[in-house]
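# Close look at the chain arrangement
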Amino acid sequence: MGPQSRDAWAQRLGAFRASPAAFLAGAEGEHLGRDLLSDLRSEKLSEPTKVSLLALSLEYPAQLWPDAPAAEAAATSLLDTLVLLPPRPSALRRPLLLATTTVLVAGGALGPSSGASGRLLPLLLGLASGRDVGRSFGPASEQRPLQATACECLRELESCQPGLLGGSLGPLRSLLGQGGPVQPLSLLLALALRHTLLVRGRSGAGLHSLLLAGVSSGGSAWDWTLAKGDARLQPQAPCWPTAEGEQGSAEGEPSSEDTQELRATVAQLLDASYLLTPVAQAQLLWLLGWALRGLRTQPPVLFKPQLVRLLGTAQLTLLHSILALKAAFGEALFTAQDEALLLRRLTLAAQHPSLPQPTHLFYLHCILTFPENWPLGPEGEEAAPLLLGPQLCGSLMPSLLHEPMALLARLHLLCLCCAEDEDEEKGRVQSPQRYLEELLAGLRQRAALEGGPRALAILCFQASYLVASCLAKQPAVVTPLIHGLAQLYQARPVLAPHFVDLLDQLGPELREPLRQVLRQEVVSRPVRDEALRWHLHVLAKVAGGDAQNATLSFLKAAAAHCTDWGLQQALLGVCRVLLQTSAGAGLADLLQVLARQLEDPDGRDHARLYYILLAHLAGPKLGMALGPSLAVPALASSLVAENQGFTATLMVQETPAPIQLSLGPQRAKGPFPVLQLQVETLEPVYSLELRFHVEGQLYGPLEAIHVPCLCPGRPAHPLSLSLQPRCPAPAQLDVQALFTTPAGLTCHACLPPLAVSFADLFLPFPQAPKGAESNFFEELWDSCLPKGAESRVWCPLGPQSLETLVARHLGPFVVVAQPPTSYHIAVRLPPDSMLLLRLEMARGDGVPVALRTDDWAVLPLAGDYLRGLSAC
């Protein structure tokens, strides 16, 4: 096939991007990678079209060339295309470099044994160093972009193979002062330096020699022995490792000469960092900080000049890198004045009125996680004072007008101030604690509005949980909070689910006081139909402990109002909780009343069961009987929830298949193809139902097969499965089995899929009258054209003769036979196609086959079938 046009490629690439897996599985996707590489050298395609082809190889390299040999061949072809480009300016050189690097890495072909790797690495290093690598790399105006692209490709290779460029530290360092592209060179050198420091203990190579090595040094510029893909070297996100992990990665500290050269290299990188974009500066600082953090001989004072420059930055990425350096080095880099200045900078920035919401939240998060804002020392000892004092925090007080996320973040800051200012601000009118109480009261007032938005209630409970978590040890804050929540429930019982969630999240020191207050609030209120459901919901969470008489009295009064099934189940749920706390005679009387009074029979049965359990089981056994099952999840309602065995009997169980299903010998007859299935079982099964399904629209619906009984060791009759193909194509049948075990359980299992081959669809034509076979075949042969298709195929015979091959595979379909030289074969393909074969005299190890069909789509299937007969 010749080169395709631009429009043809546009349609082909559009179909591929719509569904890569489906496209590659079809006929057009079989040679997509090969056609792409071939058309990159075509003179008929424009450069923009070729760039779009290279973009596809950058996005989907693993799909186009999935294994290492294919990736190696593709990378070699891309390199050849790059070399063959004319010396004029071209937009293809940079995409070709990127595509070659991506294909080698994604296909797993990068390595010392790869010829493409051996060609690519010297080429990239030569381009990065600005050396003349040949006339194919265009004019001088294109060299600087190529140099930057080569650095990016080398950085990708170094990221995937840490330590690969350890021998290139000296050349890369020398390039920084020679007018090359500063940003890609700086990031490449920083990454290679970091990896070399981490693997230096294994390599035994000194940093001094590596950092001073020139371009013409005798050693190799890359070292595959270091590039072993250490998992600890892979992360490229700014998260600092533990000091122990870093110390374990380097065996020993560098010598004085190594230290001197390392300091000079880091200083050189930092001095040129102001020329980089903010994102690149942040990446550079992280790489150098990671590399130096584990070296005791390298104090972080090298970062001090950059710290002075960056403390006033307005770029969030650079601010994030400053905080990362602070987390890494702490007081070794930041003085008390630096910390105070940085915190004041964050606080003032967070107050800017025109900040976008994400930026505002970022500043607040930085303040919250600032190390000096958290008291130090173990519990019970005096903690270090907070740098975030009332003066700074006063400008960040939360307000009801703030967005929910901003309000919660500012509320967290206010809790920090309250924890620090407990004694000093006691007598002030505008103390943080007083402001906190007023804010929580305002949140509860908004949440108590009848018919108010759900978001206001959620915000109120989020704020309450935050305050309870931060100030759990301060009764002056916790006590008003608990009573305020009780008043909120009194005003709006419909918030009961939120109260239950809050009780689940609180610690034990706050959960018990809130339980007592809510229980008192519920049982002291009159029973009302509209709020009874929520009262029972809360009571199921807070019942138990002391004062159970009041709880039982409330339940007896509520029983008369529980008229529907849901209320009765909620009432019985509270009784179940009381059962586990041994409520005694009062509960027994209540259960007897419920067993007679409830209208629903399910509720009466529940009450009667609970009474029997209470009367006959002691406390520990009663708790075990009512506790959740560890084997099967308990059902939500009805008496079936009390009997897990009965529940399992009623449910269909997922189980491994004890049944083996295989294809038996096929019999070609009838209007449709029929599969003969052999079934065996490893254990007795009853009422077996086999269900079959084919994805897509290839076949019509398949009937299920029923078998009354199967026993191991007892041969079963073959099962017949009739197929209804809508087109003559092979398929895969998904099989599911539904059966009953001897224990009475109904089980479901998925069996391995069954493959329906092209030959399984063969059906014979009706037998022609005796003596008219040749004319019958010729009429069929002539009827295939012109609407059908014709082809010739070479059919290998292997060790068997032509007569043996026909008898074994095509015997039922022979119309005219002149053994052993000629056979005319007619195959009917459902639903309405045919395949005709003329097998001529065998020649050597094969036989030429002429074939015709009235359906052109059958040709590739027939060709594959004939070529594979010798292997069957």
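Description of the structure in this document. The shown structure was predicted, so the numbers you read here are calculated from the model rather than taken from an experiment.

Turning next to the pairing of strand S10 (residues 814–818). Across 4 bridges, the pairing between S10 and strand S11 (residues 822–829) is antiparallel. Across the sheet, the residue bridging to Val816 is His824, located in S11. Hairpin connection, S10 to S11: the antiparallel pair is bridged by 3 residues.

Hydrogen bonds along the backbone pair up the strands of a sheet, which may run parallel or antiparallel. Pairing within the open sheet is mixed, and its 5 strands lie in the order S1-S8-S7-S4-S5. The open sheet terminates on both sides in strands that have one partner only, identified here as strand S1 (653–654) and strand S5 (705–710). Two elements, strand S4 (residues 685–693) and strand S7 (residues 731–740), share 6 bridges in a ladder whose sense is antiparallel. Paired with Leu690 across the bridge in S7 is Ala737.

Ranked by size, the top nonpolar core spans 110 residues in total, and within it Leu36, Leu288, Phe303 and Leu413 carry the most contacts. When residues in this core are grouped by element, the largest group, 10 residues, is from helix H11 (residues 182–203). Residues contacting Leu288, with those up to four places away along its chain left out, are Ala190, Leu193, Val266, Leu269, Leu270 and Phe303. Core analysis: the next-biggest nonpolar cluster, separate from the first, contains 72 residues, Val477, Leu495, Val523 and Ala543 among them.

On to the sheet that holds S10. In space, the 5 strands of this open sheet follow the order S9-S13-S12-S11-S10, with antiparallel pairing throughout. Single-partner strands in this sheet number two, and they are strand S9 (789–796) and S10. Going across the sheet, the axis of each strand differs from the next one's by a mean of 20 degrees, ignoring polarity. The sheet contact formed by S9 and strand S13 (residues 846–853) spans 8 bridges and is antiparallel.

With that out of the way, let us pick up the pattern of salt bridges. Per the stated rule, a full pass over the model turns up 21 salt bridges. The salt bridge involving Lys541 is made with Asp504; its shortest N-O contact spans 2.3 Å. Placement of the pair is Lys541 in helix H27 (residues 529–542) and Asp504 in helix H25 (residues 496–505), with a sequence separation of 37 residues. Among the charged side chains, a salt-bridge network with shared partners connects Arg12, Arg34 and Asp35.

A few words now on helix H34 (residues 773–783). Within H34, the full set of buried residues consists of Phe777, Leu780 and Trp781. One face of H34 carries all of its buried residues, which in axial projection span an arc of 100 degrees. In H34, the exposed positions that point more than 90 degrees away from the buried face belong to Asn775, Glu779 and Asp782. Elements that come into contact with the buried residues of H34 comprise S9, S10, S11, strand S12 (833–839) and S13.

As for its placement among the helices and strands, Ser52 is situated in helix H4 (residues 47–59). Along the sequence, Ser52 and Pro95 sit 43 residues apart, while their C-alpha atoms lie 9.6 Å from each other. Ignoring any residue separated from it by four or fewer positions in sequence, one finds Ser52 in contact with Leu13 and Arg17.

Structurally, His748 is set in strand S8 (residues 746–756). Its relative accessible area of 13% is what places His748 among the buried residues. Within the local environment of His748, its side chain forms a polar contact with the side chain of Glu654, the two groups lying 3.2 Å apart. Excluding its chain neighbours within four sequence positions, the residues that come into contact with His748 are Val652, Gln653, Glu654, Thr655, Gln736, Ala737 and Leu738.

Bringing the packing of aromatic side chains into the picture now. For the coordinates displayed, the defined rule picks out 13 aromatic pairs. When the ring centre of Phe334 is taken as reference, the NZ or CZ atom of Lys326 above it lies at 5.4 Å. Taking NZ or CZ as reference, Arg838 lies 4.3 Å from the ring centre of Trp781, over its face.

What follows deals with the pairing of S11. The element S11 is largely enclosed, with a buried count of 7 among its 8 residues. As paired elements, S11 and S12 share 7 bridges and run antiparallel to each other. From the neighbouring strand, Ile825 faces S12, where its bridge partner is Leu837. The hairpin turn running from S11 into S12, its antiparallel successor, is 3 residues long.

The next point concerns helix H15 (residues 278–293). Spacing of three or four residues puts side chains on the same side of an α-helix, whose turn is 3.6 residues. When the terminal C-alpha atoms of H15 are compared, their 22 Å separation across 16 residues agrees well with the 22 Å that a helix rising 1.5 Å per residue should span. Burial within H15 is extensive, with 12 of its 16 residues counted as buried.

Turning our attention to the packing of H15 against helix H17 (residues 316–329). Interhelical geometry of H15 versus H17 gives an angle of 10 degrees and a closest axis separation of 8 Å. Taken together, H15 and H17 sit at an angle that is classed as roughly parallel. Contacts from Pro278, Val279, Gln281, Ala282, Leu285, Gly289 and Arg293 in H15 reach Thr317, Leu318, Ser321, Leu325, Ala327, Ala328 and Phe329 in H17.

What follows concerns unusual backbone geometry. In this structure, the amide linkage connecting Leu785 to the following residue, Pro786, adopts the cis form with an omega of 10 degrees. The linkage connecting Pro830 with the following residue, Pro831, adopts the cis geometry, with an omega of 5 degrees. Summarising the element assignment, Pro831 is placed in the loop between S11 and S12. Residues other than glycine seldom take positive phi values, yet Ser687 does so here, at roughly 50 degrees. Looking at the secondary structure, you find Ser687 in strand S4.

Reading the values: rules and limits
Residues numbered from 1 in each chain as written. Predicted model: local features only at pLDDT ≥ 70, side-chain atom pairs only at ≥ 80, totals over all residues. Heavy atoms only, no water. Pairing = 2+ DSSP bridges. Helix = DSSP H or I, 4+ residues; strand = E, 2+ residues; numbered from the N terminus. Core = buried A, V, L, I, M, F, W, Y, C linked by side-chain atoms within 4.5 Å. Buried < 20%, exposed > 50% of the residue type's maximum accessible area, 1.4 Å probe, protein only. Contact = heavy atoms within 4.5 Å. Axes fitted to C-alpha atoms, helices over the stretch in contact; angles between N-to-C directions. Salt bridge = Lys/Arg side-chain N within 4 Å of Asp/Glu carboxyl O. Arc of directions from axis to C-beta. Polar contact = N/O pair within 3.5 Å; in protein donor to acceptor, adjacent residues only side chain to side chain. Phe/Tyr/Trp six-rings, centres within 6.5 Å; stacked < 30°, edge-to-face > 60°. Lys NZ or Arg CZ within 6 Å of the ring centre and 35° of its normal. Expected span 1.5 Å × (residues − 1). Parallel < 35°, antiparallel > 145°, perpendicular 65-115°, else oblique.

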